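# Topology and contacts: notes
In case you want the letters, here they are:
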Amino acid sequence: MNLFLYKIIVFCCFGTLSSTLLAQTKGDYLNASVGYINHHFNDARHSSIFRNAGGVGGILQYEAVRDLEIHRLQLQVALATTHQEFASVSTNTHGTLRYEYCRALTGLQGVYVGGYVDFSALLLERSGLWTDPGAALSYVLSSSLGGLIRYSAPLGESWSVNTAAYLSLLNYVVRPAFGFPYPASFLRDGRFSFNLNGLAGDIVQSGIVQTLDTFVNTTFSAEITRDVGDSGHKVGLLYVGNYLFAGGTKPFFGVQNFAGISFHYNLSGKQ
């Protein structure tokens, strides 16, 4: 791992542990966020140049907050397109489905630690001049087990702040073969077919189990919310930053920043 990544991890962990905090309000919530996303990335399968893509992103989440634990089921989606400074254009589609569980940390009120499991798919499609149609599609598919730490704290009577840090620890990662969007097993003699029979199975089975030395997916989020009346509903502003590294012969590096408006609907009734 490079020095930049270590700085991100240390910053997230230090920032999360730096306060004495209060627990989140108990209840069941349906949360939604929408906003702008910027993706700074380099996929060595396509180019050695880092590019910037801009677009829209959204998050839909069910959250259950109990006395000592929090459960979350979250779906994140994003669609971003590079600017026109190059002859070819990259359209990046990113989706993550994640379940997380955490418990209150004894001795630090409002601090929770736990783990998560997720499935993530990042698709990068090139179009325009100087684009090889046979190699226009690249991707990073992963399923991860990881650790997380989060906290919430009040800011006066109606405002609160929530932060969280995530780090993948054990990952099953699928990347395309060199020069083609197919896995290497699909390209061997006697296996390839132009009608792509059985391609999905080869893609799923072509993954490699990786840890922090060859694959890193770390996320930091910060949100400030305001109560809406006495209903328990909230509105807020949300920031989510993500760093993704997938090693190998043709590695991928990406930093994704999301900023948007969030809405929290209290499913449990009045507080």
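Nothing here was measured: the structure is a model prediction, and the numbers come from that model.

## Structural notes on the overall build of the protein chain
- Within the protein chain one finds two helices and eleven strands.
- Across the protein chain, helices and strands are ordered from the amino to the carboxyl terminus as α-β-β-β-β-β-β-β-α-β-β-β-β.
- Within the protein chain, the fraction of its 271 residues that count as buried is 46%.
- Long-range contacts, defined as pairs at least 24 residues apart, comprise 66% of the intrachain contacts of the protein chain with a sequence gap of at least 6.
- For the protein chain, the exposed area adds up to about 13,600 Å²; of that, 66% sits on carbon and sulfur atoms.

## Digging into the pattern of salt bridges
- The final tally for this structure, using the stated rule, is seven salt bridges.
- Arg 150 is paired through a salt bridge with Glu 100; the nearest N and O atoms lie 3.0 Å apart. Pair noted here: Arg 150 is in strand β6 (residues 137–155) and Glu 100 is in strand β4 (residues 88–104), with a separation of 50 residues, a long-range link. A single burial state applies to Arg 150 and to Glu 100, both of which are buried.

## Some words on the pairing of β4
- The sheet contact formed by strand β3 (residues 69–82) and β4 spans 13 bridges and is antiparallel. Its bridge partner lying in β4, Val 77 is registered against Gly 95.
- Across 17 bridges, β4 lies against strand β5 (residues 111–128) in antiparallel orientation. Across the sheet, residue Glu 100 finds its bridge partner in β5, namely Tyr 116.
- Hairpin geometry of β4 and β5 is characterised by an intervening segment of six residues between the two adjacent antiparallel strands and by a positive phi of about 95° at Gly 107.

## A few points about the side chain of Ser 138
- As for its position among the elements, Ser 138 is in strand β6.
- A polar side-chain atom of Ser 138 sits 2.6 Å from a polar atom in the side chain of Asp 43.
- One polar contact links Ser 138 to Arg 175, side chain to side chain, over a distance of 3.4 Å.
- Sequence-distant contacts of Ser 138, defined by excluding residues within four places in its chain, comprise Asp 43, Arg 45, His 46, Leu 122, Leu 123, Leu 124, Arg 175 and Pro 176.

## Concerning the nonpolar core
- Core analysis: the biggest nonpolar cluster contains 17 residues, and Leu 122, Val 140, Phe 215, Leu 244, Phe 252 and Phe 258 have the highest contact counts within it.
- Listing elements by their share of this core, those giving two or more residues are β1 (27–43), β2 (51–65), β3, β5, β10 (233–246) and β11 (252–266).
- For this core, the element with the highest residue contribution is β10, accounting for four residues.
- Setting aside chain neighbours within four positions, we find Phe 215 in contact with Val 140, Ser 142, Ser 144, Ser 168, Asn 171, Val 173, Gln 210, Leu 244, Phe 245 and Ala 246.
- With nine residues, the next largest nonpolar core counts Tyr 29, Cys 102, Tyr 116 and Tyr 166 among its residues.

## Here's the deal with the packing of aromatic side chains
- One pass over the structure, following the stated rule, counts three aromatic pairs.
- Taken together, a centroid distance of 6.5 Å and an interplanar angle of 45° make the contact between Phe 50 and Phe 253 tilted. Highlighted residues: Phe 50 in the loop between β1 and β2 and Phe 253 in strand β11, separated in sequence by 203 residues.
- On the basis of relative accessible area, Phe 50 is assigned to the partly exposed category, the value being 41%.
- Judged by its relative accessible area of 24%, Phe 253 is partly exposed.
- Ring plane angle 75° and centroid distance 5.6 Å describe the contact between Tyr 116 and Tyr 166, whose orientation is recorded as edge-to-face. One end of the pair, Tyr 116, is in strand β5; the other, Tyr 166, is in strand β7 (residues 159–174), with 50 residues separating them in the sequence. Here Tyr 116 and Tyr 166 have matching classes, each one buried.
- It is Arg 98 that lies over the ring of Tyr 116; its NZ or CZ is 5.7 Å from the centre.
- Over the ring of Tyr 166 we find Arg 98, and its NZ or CZ is 4.1 Å from the ring centre.

What counts as what
In every chain, residue numbers begin from 1 and rise along the written sequence. It should be noted that, the model being predicted, local features are given only for residues of pLDDT at least 70 and side-chain atom pairs only at 80 or more, the latter also being counted only at that level, while totals for whole chains, interfaces and linings use all residues. Each side-chain value is derived from all of the structure's non-hydrogen atoms; neither hydrogens nor water enter the calculation. Helix and strand definitions here come from DSSP, where helices need a minimum of 4 consecutive H or I residues and strands a minimum of 2 consecutive E residues; each element is numbered from the N-terminal end. Exposure categories follow from relative accessible area, calculated using a 1.4 Å probe and restricted to protein chains: below 20% of the type maximum is buried, above 50% is exposed, and the middle band is partly exposed. Whether two residues touch is decided by their heavy atoms; if any such pair falls within 4.5 Å, the residues are in contact. For the area figures, the Shrake-Rupley method with a 1.4 Å probe applies, and any residue is considered shielded solely by the protein chains shown. One side-chain nitrogen of Lys or Arg within 4 Å of one carboxyl oxygen of Asp or Glu is enough to make a salt bridge. Here the rule is simple: two strands pair whenever DSSP picks up at least two bridges between them. Polar contact is defined as a pair of N or O atoms within 3.5 Å, subject to the rule that within protein one atom must be able to donate a hydrogen and the other to accept it, and that residues adjacent in sequence are counted only when both atoms are side-chain atoms. Put simply, buried Ala, Val, Leu, Ile, Met, Phe, Trp, Tyr and Cys residues joined by side-chain atoms within 4.5 Å make one nonpolar core. Stacked, tilted and edge-to-face are the three classes applied to pairs of Phe, Tyr and Trp rings, where Trp contributes its six-membered ring and a pair requires centres within 6.5 Å; stacked means planes under 30 degrees apart, edge-to-face means over 60, and tilted covers the rest. Here, over-ring charges are defined by two tests on the NZ atom of lysine or the CZ atom of arginine: distance to the ring centre within 6 Å, and angle to the ring normal within 35 degrees.

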